[in-house]
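Remarks on the overall topology
Here's the letter readout for the chains.
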Amino acid sequence: MPKITYIEHDGATHTVEGEAGATVMETALRNGIASIVAECGGGCTCATCLVHVDDAWSPIVGPPSAEEEDMLDSAFEVKPTSRLSCQIKVTDALDGLIVRTPAYQGR
Amino acid sequence: MLQKTDQLLGTETMSEEINTDVLIIGAGPVGLFAVFELGLLDIKAHLVDILDKVGGQCAELYPEKPIFDIPAIPRINGKELCDALIEQIKPFKPSFHLGEMVTTIENIGDPLFRVTTDAGKVFLSKAVVIAAGGGSFQPKRPPIQGIEPYEEKSVFYAVRKMDAFRGKNLLIVGGGDSALDWTLNLQPLARRLTLVHRRDEFRAAPDSVNKMRALVSSGAMDLKIGQVTALKGENGQLTAATIKGSDGALSTVACDAMLPFFGLTMKLGPVANWSIKLENDLIPVSTATFETNVPGIFAVGDINTYPGKLKLILSGFHEAALMAQKAHHYVHPEKRLVFQYTTSSTSLQKKLGVA
Ligand SMILES: Cc1cc2nc3c(=O)[nH]c(=O)nc-3n(C[C@H](O)[C@H](O)[C@H](O)COP(=O)(O)OP(=O)(O)OC[C@H]3O[C@@H](n4cnc5c(N)ncnc54)[C@H](O)[C@@H]3O)c2cc1C
Ligand code: FES
């Protein structure tokens, strides 16, 4: 199973087993990573599941869709590598993925 | 997203009292279905919601997502569920007050409640049903260090009176309809208006975007691409904001007021101030009546808690049915309640307009 590492803003690091087909947001919730809020449950309508994808992984994960890019307008401190984690599906190609979570998701 | 017509007109509209049997706070799926259950018992309802539309979480957070656990409906999306509920409660002609937040509840009788909204409306109600769900949808606050002292003094998340911004240097932040609408509405009044957005693309209505771009090219306003990172000022009065461009370069914009529009998030909001007993930001209720610790005030749907509570729409529907039985006792104390089925009772069918 692909491993995913979440690094929180204070440096706390969690490496967890992801399930192919689930999203990076769902994987975070299942593993109790509280800096992912996901108020809308993956609907791409709340922007409270923001992550900054590690620079090395960013080209592999790819850019946001137009709909996601619109929603990123409601997030804070958005970077070129920022994504909404509910819009990233875990695949075997993402084994080892590293994402950083922000200090504040808007609530 | 928040209702604008009210705000454009200014909100000192009225303070005449509106009499109702029941006031429902929150027009989410559970508040809507409460209208039906109350209606069957001849109880009239007014509903207030902060959103400019009905449907609560279903309408705001997942209108397009299918729900699979509404009894007897194998699949229905959030928006369709709200539309169906509106259709179902039509016979009871509920009155909606959208784009308003209930701020206070006062117990002035036995029981009788005086309920006010932030738009200055006053209701007199024999019972109150709190169907406030996950809390009120409120504007997101940007994570700018030290923003708090400026809030409501020179940083505003909504426009109450446009005139307050006349002759000011204004900074509007965001790229959606709220940001663009207020840019277009306030630009003629402001001394100078600057719109700040993180990218040179806007999700707002194309017509508003074109109008904004025309103002920028004619030199009537400024557009800056970047994110606000710091505020300058004293005693809550903003004087300037620092903006970090997409290239990382910092610049400063002089401003007297800032309006950030980053969408909505759910917060408990004024419910916390109503002197109703709370447990972890939820309202404990009796599972026989869904009444709170205050007689005459009920809580149904996601906002309540009791042993075994599940935050499901179907649970909220059940709660609304039981709540109505007890509410009847306050609204029609003289009348005896007879249990009836909608399939066979001509009196219920008359109310539904089918007999
Ligand atoms: C992504 C997602 C998927 C879901 N899927 C399902 C599912 O499949 N099945 C299911 O059963 N449930 C599901 N739910 C849960 C379901 O949406 C909630 O249980 C339901 O919306 C609760 O309804 P409600 O009417 O109690 O509250 P809400 O829908 O939260 O509505 C409350 C309303 O009250 C308003 N309000 C609050 N305070 C005030 C105030 N002071 N003044 C005025 N208005 C106020 C709010 O603005 C809001 O509109 C899901 C939720 C989410 C987020
Ligand atoms: S969970 Fe809401 S946008 Fe991702």
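Here's a quick rundown of the structure. (Residues numbered from 1 in each chain as written. Chains lettered and ligands numbered in written order. Predicted model: local features only at pLDDT ≥ 70, side-chain atom pairs only at ≥ 80, totals over all residues. Heavy atoms only, no water.)

Considering the packing of aromatic side chains
- Inspection of the entire model under this criterion finds nine aromatic pairs over all chains.
- Ring centres 5.7 Å apart and planes at 35° place the aromatic pair A:Phe76 and A:Tyr104 in the tilted group. Placement of A:Phe76 in the loop between helix 3 (66-72) and strand 4 (82-84) and of A:Tyr104 in the segment after strand 5 (97-100) is noted, with a sequence separation of 28 residues between them.
- Look at A:Tyr104 and you get partly exposed, because its relative accessible area is 25%.
- Aromatic pair B:Phe339 and B:Tyr341: ring centres 5.3 Å apart, planes at 80°, arrangement edge-to-face.
- Taken together through their ring pairs, the aromatic side chains of B:Phe33, B:Phe36, B:Phe92 and B:Phe317 make up a single cluster. (Phe/Tyr/Trp six-rings, centres within 6.5 Å; stacked < 30°, edge-to-face > 60°. Helix = DSSP H or I, 4+ residues; strand = E, 2+ residues; numbered from the N terminus. Buried < 20%, exposed > 50% of the residue type's maximum accessible area, 1.4 Å probe, protein only.)

Structural notes on the sheet that holds strand 5 of chain A
All names here are of chain A.
- Overall, mixed pairing links the five strands, which are arranged 2-1-5-3-4 in an open sheet. Since the sheet does not close on itself, it has two edges, and those belong to strand 2 (13-17) and strand 4, each with one partner. Between one strand axis and the next, the sheet turns through 35° on average, direction left out of account.
- With five bridges joining them, strand 1 (residues 3-7) and strand 2 adopt antiparallel strand pairing. Paired with Lys-3 across the strands is Glu-17, a residue of strand 2. (Pairing = 2+ DSSP bridges. Axes fitted to C-alpha atoms, helices over the stretch in contact; angles between N-to-C directions.)

Some thoughts on unusual backbone geometry
- The residue after B:Asp110, namely B:Pro111, is reached through a cis peptide bond having omega -15°.
- Relative to the helices and strands, B:Pro111 is located in the loop between strand 6 (102-107) and strand 7 (113-117).
- One non-glycine residue with positive phi stands out, namely A:Cys44, at about 55°.
- Even without being glycine, B:Asp281 reaches a positive phi, approximately 65°.
- Along the chain, B:Asp281 falls in the loop between strand 16 (264-267) and strand 17 (283-284).
- A relative accessible area of 47% places B:Asp281 in the partly exposed class.

Overview of the site of ligand 1
- Near ligand 1 lie 36 residues; those nearest to it are A:Cys40, B:Asp49, B:Tyr62, B:Asp69 and B:Asp302.
- Neighbouring residues of ligand 1 are distributed over chains A and B.
- Within the contact set of ligand 1, an oxygen atom lies 2.8 Å away from a backbone nitrogen or oxygen of B:Ile313.
- Looking at the shell around ligand 1, the elements with two or more residues in it are helix 2 (29-40), strand 2 (45-49), helix 3 (56-60) and strand 9 (136-139) of chain B.
- Element by element, the count of residues in the shell around ligand 1 is highest for helix 2 of chain B, at three residues.
- Grouping the amino acids of the shell around ligand 1 by side-chain chemistry returns 19 nonpolar, eleven polar and six charged. (Near = heavy atom within 4 Å. Polar contact = N/O pair within 3.5 Å; in protein donor to acceptor, adjacent residues only side chain to side chain. Nonpolar A, V, L, I, M, F, W, Y, C, P; charged D, E, K, R; others polar.)

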